[in-house]
Amino acid sequence: MREIKVLGSGCTKCTKTAESISRIAAELGVEANIIKETSPQAMMSYGVMSTPAVVVDEQLVHSGSIPHREQIEGWLRQP
Amino acid sequence: MLGIFTDLADWVVYQLLALDAGSKLGSALHFFVEDVSKIFALLLVMIYVIALLRASLNVEKVRDYLSGRHRALGYLMGSVFGAITPFCSCSSIPVFLGFTSAGIPVGITMAFLLTSPLINEVAVLLLLSLLGWKFTLLYILVGMLVGIAGGLLLDLIKAERWLQSFAAEALQRARSGNAVTTTIDAEALSLQQRHEFARDETLDIFSRVWKWVIIGVGLGAALHGFVPEGWIENYLGQGQWWSVPAAVVLGIPLYSNATGVIPVMESLILKGLPIGTTLAFCMSTVAASFPEFILLKQVMQWRLLAILFALLLTAFTIVGWIFNGLTPFL
């Protein structure tokens, strides 16, 4: 199962990011564990400076905006 | 070119609604229609153009640039980047930590974070269209000066002593040669990507600030129409020394971003409030806000927060006094 973390201080964009990832995961039938991470320490440990940011299986893949649909599909589909 | 918005307001208020130009309501409504239509049009066009130009600038690049700099230049550049980098206040904590864990001194980071809310493209546009280029230039210079001086002072008093422990440790680690600087590889942007970025940015910023414009212009219009002519000038027009700190204190509980407060500035200046007092009031409203300070608590101890707050209030008061003193020469 894929582990996806959404990093952000709880602003609306971060919530939207988490929502659209879980929606698209459900559409694609990909099992994903989506975690919202709000602590400053966590953001620092991934070196994230602009939120929302996305970490897939401990790998930082995106930061600074709500990701587009194609990007999310890409992360979910990659082997 | 901006005259068409006056014409539009003339038409809407005096023809369509048939209000008297001399009446309080007519005058207030005219101010409102003219400013709101002008600001909305300018915002949509200019945010797009600016976003197109700066699509490739982001906080990661700023961090990489600042982390290699000499200190003296660092404060200046921190402040310059604070003014031009797109960045939302909800990101100030991760930005602070990102800069800190790259080993950038606290003062330079704060020069960036202090300048950022004061100067941004929306504020500059509004100032240009409502108050003219001289005032805009003055505002930019003062905003940057506050950021630079604030940053310098914080380093002078060794502010890093009062960071929360995990942030202080990150700074220590970076100083001893283990700077953390993760970056997602960015490819060069195509024109198409720039357009998409600019479109998203315009929609995003506009959807965030439109209500501030309405509130700000609404207040400005109310002041414009209903505060008796000469009232402000009679009581505060001489730039009495106490009026500046009073304006700063009044600005603290009022929380607004630059977009909301600039139309109020316009109205206050038209009513005869001295420039220094107006500037002090507006900077205090924009930069000294409790919600932002509470956020910073996550990375700073109370003591540093209190120092920062006092520093800002003092800076705005001094700015106000200086400009009131200079007014006769401007």
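That block above? That's the structure.
Heads up: these notes are all about the structure in this document. Model, not experiment: these values are computed from the prediction. (Residues numbered from 1 in each chain as written. Chains lettered and ligands numbered in written order. Predicted model: local features only at pLDDT ≥ 70, side-chain atom pairs only at ≥ 80, totals over all residues. Heavy atoms only, no water.)

### Notes on the sheet that holds strand β1 (residues 2-7) of chain A
All names here are of chain A.
Here is step 1 of the chain: Ordered by their spatial adjacency, four strands build an open sheet running β2-β1-β3-β4, and the pairing between neighbours is mixed. Each end of this open sheet is capped by a strand with a single partner; those strands are β2 (32-37) and β4 (59-63). Neighbouring strand axes in the sheet, compared pairwise and without regard to direction, differ in orientation by 20 degrees on average.
Here is step 2 of the chain: Where strand β3 (residues 53-56) lies against β4, four bridges are found, and the strand directions are antiparallel. Looking across to β4, one finds that V55 is bridged to L60. (Pairing = 2+ DSSP bridges. Helix = DSSP H or I, 4+ residues; strand = E, 2+ residues; numbered from the N terminus. Axes fitted to C-alpha atoms, helices over the stretch in contact; angles between N-to-C directions.)

### Re the environment of B:I232
Here is step 1 of the chain: Here B:I232 shows up in helix α11 (residues 231-236).
Here is step 2 of the chain: Spatially, the C-alpha atoms of B:I232 and B:L268 are 8.2 Å apart, while their sequence positions differ by 36 residues.

### Re the environment of B:D155
Here is step 1 of the chain: Tracing the sequence through the fold places B:D155 in helix α8 (residues 133-156).
Here is step 2 of the chain: What B:D155 contacts, discounting residues up to four positions off in sequence, is B:R71, B:Y75, B:P105, B:V106, B:G107, B:I108 and B:E160. (Contact = heavy atoms within 4.5 Å.)

### Let's talk about the pairing of β2(A)
Here is step 1 of the chain: For β1(A) and β2(A), the ladder comprises six bridges, and the chain directions are parallel. Looking at β2(A), one finds that A:V6 is bridged to A:K36.

### Considerations on the packing of aromatic side chains
Both the distance between ring centres and the angle between the ring planes are used here to describe each pair of aromatic rings.
All names here are of chain B.
Here is step 1 of the chain: Going through the model one piece at a time under the given rule, you end up with three aromatic pairs over all chains.
Here is step 2 of the chain: On the basis of an interplanar angle of 70 degrees and a centroid distance of 5.1 Å, the ring pair of F40 and F206 is categorised as edge-to-face. Here the residue F40 occupies a position in helix α2 (residues 24-53), and F206 occupies one in helix α10 (residues 191-226), the gap between them amounting to 166 residues.
Here is step 3 of the chain: Relative accessible area serves as the criterion here: at 17%, F206 is assigned to the buried category.
Here is step 4 of the chain: Ring centres of Y65 and F81 lie 5.4 Å apart, and the angle between their planes is 70 degrees; this geometry places the pair in the edge-to-face category. In this pair, Y65 sits in helix α3 (residues 59-67) while F81 sits in helix α4 (residues 71-84), placing the two residues 16 residues apart along the sequence.
Here is step 5 of the chain: Residue Y65 is classed as partly exposed on the basis of its relative accessible area, which comes to 29%. (Phe/Tyr/Trp six-rings, centres within 6.5 Å; stacked < 30°, edge-to-face > 60°. Buried < 20%, exposed > 50% of the residue type's maximum accessible area, 1.4 Å probe, protein only.)

### Overview of helix α3 (residues 69-77) of chain A
Since the α-helix turns once every 3.6 residues, residues separated by three or four places project in the same direction.
Residue and element names in this part refer to chain A.
Here is step 1 of the chain: Residues of α3 that are buried include every one of I72, E73, W75 and L76, and no others. Taken down its axis, α3 places every buried residue within 160 degrees of arc, on the same side. α3 presents E70 and R77 as exposed residues on the side facing more than 90 degrees away from its buried surface.
Here is step 2 of the chain: Against the buried residues of α3 lie β1, α1 (12-28), β2, β3 and β4. (Arc of directions from axis to C-beta.)

### What about the nonpolar core?
Here is step 1 of the chain: Within the largest apolar cluster, 90 residues are counted, with the highest numbers of intra-cluster contacts made by B:M110, B:I262, B:L279 and B:M300.
Here is step 2 of the chain: Contacts of B:M110, omitting those with residues within four sequence positions, involve B:F96, B:L154, B:M300 and B:L308.
Here is step 3 of the chain: With 11 residues, the next largest nonpolar core counts A:I21, A:I24, A:V56 and A:L76 among its residues. (Core = buried A, V, L, I, M, F, W, Y, C linked by side-chain atoms within 4.5 Å.)

### Thoughts on the interface of chain B and chain A
Put simply, an interface is often sized by how much accessible area is lost when its parts join up.
Here is step 1 of the chain: Taken residue by residue, the interface counts 20 residues in chain B and 18 residues in chain A.
Here is step 2 of the chain: For the pair chain B and chain A, the summed buried area comes to about 1600 Å², and 65% of that belongs to carbon and sulfur atoms.
Here is step 3 of the chain: Summed over the shared surface of chain B and chain A, the result is one salt bridge.
Here is step 4 of the chain: Between B:D204 and A:K13 there is a salt bridge, with its nearest N and O atoms 3.2 Å apart.
Here is step 5 of the chain: Elements with a minimum of two residues in the side of chain B that touches chain A: α3, α5 (92-101), α9 (165-175) and α10 of chain B. (Buried area = accessible area lost by both parts, 1.4 Å probe. Salt bridge = Lys/Arg side-chain N within 4 Å of Asp/Glu carboxyl O.)

### Focus: unusual backbone geometry
Here is step 1 of the chain: Omega for the peptide link from A:T51 to A:P52 comes to -5 degrees, which places this bond in the cis form.
Here is step 2 of the chain: Positive phi outside glycine occurs at A:E58, with the angle close to 65 degrees.
Here is step 3 of the chain: What makes A:E58 partly exposed here is its relative accessible area of 47%.
Here is step 4 of the chain: For B:K158, which is not a glycine, the phi torsion comes out positive at approximately 55 degrees.

### A look at the pattern of salt bridges
All names here are of chain A.
Here is step 1 of the chain: Tallying each qualifying case throughout the model produces nine salt bridges over all chains.
Here is step 2 of the chain: Close ionic contact of R69 with E73 constitutes a salt bridge, the shortest N to O distance being 3.2 Å. One end of the pair is R69 and the other is E73, both in helix α3 and four residues apart, which spans about a single turn.
Here is step 3 of the chain: Several salt bridges share partner residues, and in doing so they unite E27, R69, E73 and R77 into one network.

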